[in-house]
Amino acid sequence: MRLTSLLTTLARRGRILLALGGLALLTGCNLDFWTMKGHQSTIAVDGPVAKSQLNVFLVTCWVTLVIFIIVGSVLAYATYKFRARSEADEQAVPPEQGHGNPLIELGLIGASVLALVIIAVPTLKSITYTADVPAEEKANAYEVNAYGYQWWFKFEYPAEQIAGSGQLVSANELVIPAGRPVHINLRGMDVIHSFWVPKLAGKVDMIPNRGNFLWLKADAPGYFWGQCAEYCGDSHAVMRFRVIALGPKDFNNWLNAQTAPAREVAKVASTDQPKAQFAAYRSDWKRNEAGWSPQFELNPLESWKAHQEPDAKHEDTALIAKGRALFQSKTCFSCHVVRGHMVGGSGAYPELTHVGARTTIAGGLLENNAEQLARWISHPDVVKPGNKMYVNGYLANNIKLTPDDVSALVAYLSSLK
Ligand code: HEC
Ligand SMILES: [Cu+2]
């Protein structure tokens, strides 16, 4: 008797273990899934805004858990206690039905109100706190403007004015000072998008002709993943961006580098320059397939910092010069600004003056390395279906690039630190 019950318990446990194992297999044994610490986690958060919002979530979870346990136990108790024990019980006429018990009913109404009050107090507190930068921190807040375009983000830094060309503009990577509140004005430029950095703050819509805003703060330097969170057309799912929070010194260095015009690389006649080698375009890339090297993920902030330094030793100056000429002759400059190199471009397309100093391209879908840049420039339509670079540029201007053209353009763009 003992043995059989032991065996059934083991079999039951075994089934649970098997189910858990199956779930682990399904999630690819992904540790991030189990610890909930992934790039876009709303549980492992940073900064006071996301923490306040997480707190509201947890309070609601605990209150509902208590309700679940009480209701569940009463239900289980009643089911067990009043179950039919015999054939006669099954046939029995139900007892006389009462209208209920006023004391219990009033008690339950009171308990529900209490539960709602417990949830409402922190919720209202959090709503007012996260609505705008607190008054005592207003003076210290840093201001940026963020614009959503199909399918990339533009960032403006109104505090950084550049003589002759207005404020500093960048794309797809928002660099902010760590430890300072950041006030972000949000606009949609074509359809409705939504600005969301899960680890730093909840999402807020970017709506054409309507000024929305949010604030967030990163407590320490870090690298954060962002995502458009409002369906906005073909490539919505891969409309991403990054937020890089830097300490005061790094942030200042970055501002100085960004406000400078595009980097000039003199054409050197020397023959002992090592020639840049670029991987050929792989035809097995899939649509919307993210392009990342595993090393990048290990320490993205360090990878970002490494991107800031020009790699003058390995640059092929002749190839860069060719790429610069192609950037003009192939009409790339008609959309993209490269400040200081050529006159052209419009604010409605990603600014490329310092594109080499960014870790990602194409709305955060691809890592900014030679292979992925070549992939993007060769076939923007395959990487991101429907994107405007292909439709309004490659198709409308009949842009055709040979593999050599692509290599030269990649060398040029990578030199723009
Ligand atoms: C019609 C305007 C247009 C033309 C012409 C054009 N582009 Fe683009 N480009 C775009 C748009 C729009 C994007 C953003 C696409 C997206 O991510 O959805 C983009 C993105 C890029 C990016 C990635 C920037 C980033 O930060 O994500 C690079 C690099 C780039 N283009 C290079 C080029 C090159 C090289 C040419 C010329 C061969 C070119 N573009 C021609 C509109 C244009
Ligand atoms: Cu969007």
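Further up the page is the structure itself.
This structure is a prediction, so every number in the text was calculated from the model and none was measured.

What counts and how
Residues numbered from 1 in each chain as written. Chains lettered and ligands numbered in written order. Predicted model: local features only at pLDDT ≥ 70, side-chain atom pairs only at ≥ 80, totals over all residues. Heavy atoms only, no water. Donors = N, O, S within 2.8 Å, 3.2 Å for Na, K, Ca; no water. Tetrahedral: all angles 85-135°; square planar, octahedral: opposite > 155°, others 65-115°. Buried < 20%, exposed > 50% of the residue type's maximum accessible area, 1.4 Å probe, protein only. Helix = DSSP H or I, 4+ residues; strand = E, 2+ residues; numbered from the N terminus. Pairing = 2+ DSSP bridges. Axes fitted to C-alpha atoms, helices over the stretch in contact; angles between N-to-C directions. Contact = heavy atoms within 4.5 Å. Expected span 1.5 Å × (residues − 1). Phe/Tyr/Trp six-rings, centres within 6.5 Å; stacked < 30°, edge-to-face > 60°. Lys NZ or Arg CZ within 6 Å of the ring centre and 35° of its normal. Near = heavy atom within 4 Å. Polar contact = N/O pair within 3.5 Å; in protein donor to acceptor, adjacent residues only side chain to side chain. Nonpolar A, V, L, I, M, F, W, Y, C, P; charged D, E, K, R; others polar. Domains from an automatic or database assignment. 1 Å grid on protein atoms, 1.4 Å probe; cavity = no way out; pocket = protein on both sides within 12 Å on 5 of 7 lines; lining within 4 Å. Points joined across faces, edges and corners; volume = space filled by probe spheres on them. Core = buried A, V, L, I, M, F, W, Y, C linked by side-chain atoms within 4.5 Å.

Undergrad: Please explain the coordination of the copper ion (ligand 2) as it appears in this structure.
TA: Reference values for coordination geometry: four tetrahedral donors around a metal ideally subtend 109.5 degrees, six octahedral donors ideally subtend 90 or 180 degrees. Only His193 (ND1), Cys228 (SG), Cys232 (SG) and Met239 (SD) from the protein reach the copper ion (ligand 2) as donors, at distances of 2.1 to 2.5 Å. Here the copper ion (ligand 2) is ringed by 4 donor atoms whose angles at the metal span 92 to 125 degrees, and the overall shape comes out tetrahedral. Taken in sequence order, the residues that donate to the copper ion (ligand 2) follow the motif H-x34-C-x3-C-x6-M. Residue cysteine 228 is classed as buried on the basis of its relative accessible area, which comes to 1%.

Undergrad: What am I meant to see in the coordination of the iron atom of ligand 1 here?
TA: The protein atoms that coordinate the iron atom of ligand 1 are His336 (NE2) and Met389 (SD), at distances spanning 1.9 to 2.1 Å. Every donor counted, the 6 donor atoms about the iron atom of ligand 1 form angles of 87 to 179 degrees at the centre, which fits octahedral coordination. With histidine 336 in the loop between helix H9 (317-329) and strand S11 (360-361) and methionine 389 in helix H12 (residues 388-395), the pair connects residues that are 53 residues apart, well separated along the chain. Take methionine 389: its relative accessible area is 21%, and that puts it in the partly exposed class.

Undergrad: Sorry if this is basic, but what is going on with unusual backbone geometry here?
TA: What is expected of a backbone is that most residues other than glycine have negative phi and most peptide bonds are trans. In this model, glutamine 150 is joined to tryptophan 151 through a cis peptide bond whose omega is 0 degrees. One can find tryptophan 151 in the loop between strand S1 (142-149) and strand S2 (152-162). Despite not being glycine, asparagine 209 shows a phi value in the positive range, around 65 degrees. Along the chain, asparagine 209 falls in the loop between strand S7 (201-206) and strand S8 (212-216). Judged by relative accessible area, asparagine 209 falls into the exposed class, the value being 83%. Of note, threonine 331 is a non-glycine position whose phi angle comes to about 70 degrees, a positive value. With respect to the element layout, threonine 331 can be found in the loop between H9 and S11. Residue class for threonine 331 comes out partly exposed when judged on its relative accessible area of 26%.

Undergrad: Please explain the sheet that holds strand S3 (residues 166-171) as it appears in this structure.
TA: Taken in spatial order, the 5 strands make up an open sheet running S3-S2-S1-S5-S8, and their pairing is mixed. Here the strands that pair on one side only, and so sit at the sheet edges, are S3 and S8. Strand-to-strand, the axes of this sheet are offset by a mean angle of 30 degrees, without reference to chain direction. Two elements, strand S5 (residues 182-188) and S8, share 5 bridges in a ladder whose sense is antiparallel. Its bridge partner being in S8, isoleucine 184 is matched across the sheet by leucine 214. Relative to S3, helix H6 (residues 248-259) is tilted by about 105 degrees, and along the sheet it contacts S1, S2 and S3.

Undergrad: Please clarify how helix H5 (residues 102-131) should be interpreted in this entry.
TA: Three- or four-residue spacings in an α-helix give side chains the same orientation, since the helix completes a turn every 3.6 residues. Along its 30 residues, H5 runs 42 Å from first to last C-alpha, staying within 8% of the 44 Å computed at 1.5 Å per residue. Those residues of H5 hidden inside the fold are in contact with helix H3 (48-81) and S8.

Undergrad: Would you explain the packing of aromatic side chains in this entry?
TA: Two measures describe an aromatic ring pair: the distance that separates the ring centres and the angle between the ring planes. Scanning all chains against the criterion turns up 14 aromatic pairs. Note on tyrosine 142 and phenylalanine 251: the rings are 5.3 Å apart at their centroids and 90 degrees apart in plane angle, and the pair reads as edge-to-face. Of this pair, tyrosine 142 sits in strand S1 while phenylalanine 251 sits in helix H6; the two residues are 109 residues apart in sequence, bridging distant segments of the chain. There is no split in this pair, since tyrosine 142 and phenylalanine 251 are both buried. Ring centres of phenylalanine 153 and phenylalanine 195 lie 6.3 Å apart, and the angle between their planes is 85 degrees; on these two criteria the pair is classed as edge-to-face. Placement of the pair is phenylalanine 153 in strand S2 and phenylalanine 195 in strand S6 (residues 193-197), with a sequence separation of 42 residues. In this pair, the class of phenylalanine 153 matches that of phenylalanine 195, namely buried. Among the aromatic residues, those joined into a ring-pair cluster are Tyr142, Tyr157, Phe251 and Trp254. Residue placement shows lysine 154 over the ring face of tyrosine 147; its charged tip is 5.0 Å from the ring centre.

Undergrad: Can you help me understand the site of ligand 1 in this one?
TA: Taken together, 25 residues lie near ligand 1, and Cys332, Cys335, His336, Ala362 and Met389 sit nearest. Between tryptophan 151 and ligand 1, the recorded distance is 3.5 Å, taken from a backbone N or O atom to an oxygen atom. Contributions of two or more residues to the shell around ligand 1 are made by helix H10 (370-378) and H12. Per element, the largest residue contribution to the shell around ligand 1 is 5 residues, and it comes from H12. A breakdown of the residues in the shell around ligand 1 according to their chemical character gives 15 nonpolar, 7 polar and 3 charged. Two domains each donate at least three residues to the shell around ligand 1, and these are domain 1 (140-258) and domain 2 (294-415).

Undergrad: Could you clarify how one ought to interpret the layout of surface pockets in this entry?
TA: Over the atoms, a rolling probe the size of a water molecule traces out where space has been left empty. Taken as a whole, the largest pocket holds about 650 Å³ of empty space. Surrounding the largest pocket, 39 residues form its lining, His336, Tyr349, Pro350, Trp376 and Met389 being those nearest its centre. In terms of residues, the lining of the largest pocket owes the most to one element, H12, which gives 5 residues. Each of domain 1 (140-258) and domain 2 (294-415) gives at least three residues to the lining of the largest pocket.

Undergrad: Honestly, the nonpolar core in this entry has me stumped. Any pointers?
TA: Nonpolar side chains in soluble globular proteins generally cluster together in the buried interior. Within the largest apolar cluster, 44 residues are counted, with the highest numbers of intra-cluster contacts made by Tyr157, Leu174, Ile184, Phe195, Leu216 and Trp254. Looking at this core element by element, the count peaks at 5 residues for strand S10 (residues 240-246). Residues Leu319, Cys332, Leu373 and Trp376 belong to the second largest nonpolar core, which totals 31 residues.

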